[in-house]
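Take a look at the letters that make up each chain.
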Amino acid sequence: MKRHELEHLIRAAGEIADDDLVVIGSQAILASHPDAPPSLLVSLEADIYPRRDPAVARAVDAAIGDGSSFHETYGLRPTRTAWAPKPRRRRLAGRTG
Amino acid sequence: MTSRNQTEVLVRDIARLRQAELAGAPEGVADVREDLEEMVGPTVGRASAARILGITQTALDRHVERGAIPVVITPSGRREVPLAELVRLILDLTTVTRSSPRSRPLGTALRERRERAQSIDPQTVLPPAPLVSDRSTGEIRGLAFHRVVAARLDRQMVVDARRRLRRWRRTGTIDERWASEWEQALSRPLAEIQRTITTDDARGRDLRQSSPFAGALGHEERQRVLEIVAEGA
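Rules used in this analysis
Residues numbered from 1 in each chain as written. Chains lettered and ligands numbered in written order. Predicted model: local features only at pLDDT ≥ 70, side-chain atom pairs only at ≥ 80, totals over all residues. Helix = DSSP H or I, 4+ residues; strand = E, 2+ residues; numbered from the N terminus. Rg over C-alpha atoms; globule rule 2.2 N^0.38 Å. Buried ≥ 20, exposed ≤ 12 C-beta atoms within 10 Å, placed from the backbone. Contact = placed C-beta atoms within 7 Å. Domains from an automatic or database assignment. Nonpolar A, V, L, I, M, F, W, Y, C, P; charged D, E, K, R; others polar. Axes fitted to C-alpha atoms, helices over the stretch in contact; angles between N-to-C directions. Left-handed = near helix turned anticlockwise from the far one by under 90°. Arc of directions from axis to C-beta. Pairing = 2+ DSSP bridges. pLDDT = per-residue confidence, 0-100.

Before going further, it helps to spend a moment on the overall build of chain B. When helices and strands are tallied, chain B shows 14 helices and three strands. Its C-alpha atoms give chain B a radius of gyration of 18 Å, near enough to 17 Å, the size a compact globule of 233 residues would have. Dimensions along the principal axes, computed over C-alpha positions, put chain B at roughly 55 × 40 × 35 Å. For chain B, with 233 residues in total, the buried portion stands at 34%. Long-range pairs, those at least 24 residues apart, make up 66% of the contacts in chain B between residues at least 6 apart in sequence.

How big an interface is tends to be expressed through the accessible area that disappears when the partners come together. All names here are of chain B. Each assigned domain of chain B is listed with its residue range as follows: domain 1 (3-112) and domain 2 (122-232). Each of domain 1 and domain 2 has a C-alpha centre, and the two are 24 Å apart. Contacts between the two partners involve seven residues from domain 1, matched on the other side by six residues from domain 2. Looking at which element gives the most residues to the side of domain 1 that touches domain 2, the answer is helix H5 (residues 83-99), with three residues. Residue classes in the side of domain 1 that touches domain 2 are distributed as four nonpolar, one polar and two charged.

With that settled, the discussion passes to the interface of chain B and chain A. Taken residue by residue, the interface counts 27 residues in chain B and 21 residues in chain A. Looking at the side of chain B that touches chain A, the elements that each hand over two or more residues are strand E2 (72-73), H5, helix H9 (137-151) and helix H14 (219-232) of chain B. The element best represented in the side of chain B that touches chain A is H14(B), accounting for five residues. In terms of residue class, the side of chain B that touches chain A is made up of 14 nonpolar, nine polar and four charged.

Once that is clear, we can look at the packing of helix H6 (residues 105-118) of chain B against H14(B). Residues and elements named next belong to chain B. In contact at an axis separation of 8 Å, H6 and H14 are set at 30 degrees when each is read in the N-to-C sense. In the crossing of H6 with H14, the sense of the turn from one axis to the other is right-handed. Contact with H6, carried on its side by Arg113, Arg114, Arg116, Ala117 and Gln118, involves Glu220, Glu221, Gln223 and Arg224 of H14 and no other residues of that element.

Before going further, it helps to examine helix H3 (residues 46-53) of chain B. All names here are of chain B. Among the residues making up H3, those that are buried are Ala49, Ala50, Ile52 and Leu53. Looking down the long axis of H3, one finds its buried residues gathered within 160 degrees of arc, a one-sided arrangement. Looking at the packing, one finds that the buried side of H3 touches helix H1 (3-22), strand E1 (43-44), helix H4 (57-65), strand E3 (79-82), H5 and H6. Note on H3: the residue one or two positions beyond its end, Gly54, has a positive phi of about 75 degrees.

Further remarks concern the sheet that holds E2(B). Residues and elements named next belong to chain B. Taken in spatial order, the three strands of this open sheet run E1-E3-E2, and their pairing is antiparallel. Each having just a single partner strand, E1 and E2 make up the two edges of the open sheet. Both E2 and E3 contribute to a ladder of two bridges, which runs antiparallel. Bridge assignment links Ile73 to a residue of E3, and that residue is Arg79.

Take the confidence of the model for chain A next. Mean pLDDT for chain A: 73, with 70% of residues reaching 70 or above. Ranking the elements of chain A by mean pLDDT puts helix H5 (residues 86-89) of chain A last, at 52, and helix H4 (residues 69-74) of chain A first, at 87.

Listed below in structure tokens is the structure:
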């Protein structure tokens, strides 16, 4: 996944979840290193979860998750929209826009 | 011809070619269709989609609002109708109109889709009970989706999956390792493909993570599978 594809996925998820979105896992590197080495960018999935309202995760999944029109159209999808465990929250790096 | 009109003409031509493919046209027809799809792009604006479907944009937006017609967010943030879904709608509309002319054929086509989706039996979708408690919702959903696909798998669906795989490879939207695995899997006889996509082992779960059967179920049917999994989980 390239940086612009991650931004597209976040934009699509943001249309459904009126919340801050947190990207975890390997694709999170794109936030601080847009030109990360190709070997780190082979995944077309990103682990994304809504920060304050985990209840909307199901709506995000229904709209743009596995097998959805969004997935079929662009080949991109969020893989995990669940609430992250607390210890990870200390390591969040913010990005807006 | 304006570019707006050109898009509408191309979409109608794509639908005609797709219909010919489903009726058994030679492989070359699908190649031409894919070339035209590249020219149109992956989505169509809602105003054009409405004109193609013979309704107003307000009517289309109402269908979108109640979830009967899907839209996707484009990279530039617009809400547009996926081309693949629009072509499916045109074909459904053609079937309805051919069987008996009606004053509101789109409404009939959408109602028939809904009824088809509602007829999916939860017993055939959900994996056996011990599995449900042992797997993540995403894994159960992937398995359930592929169980429905397997139940209706035919050669055309495999051809479509191979073409989707080829497109994802071309655009770099699939890991080459999984693309090769899928290519091998899709070259096997139907019964074997059915087993591969519904087997609950590590390979089956990994393969389903990048499945070219995305889009094999219509929008309403996918929503129905999600509902069944949510109720059964």
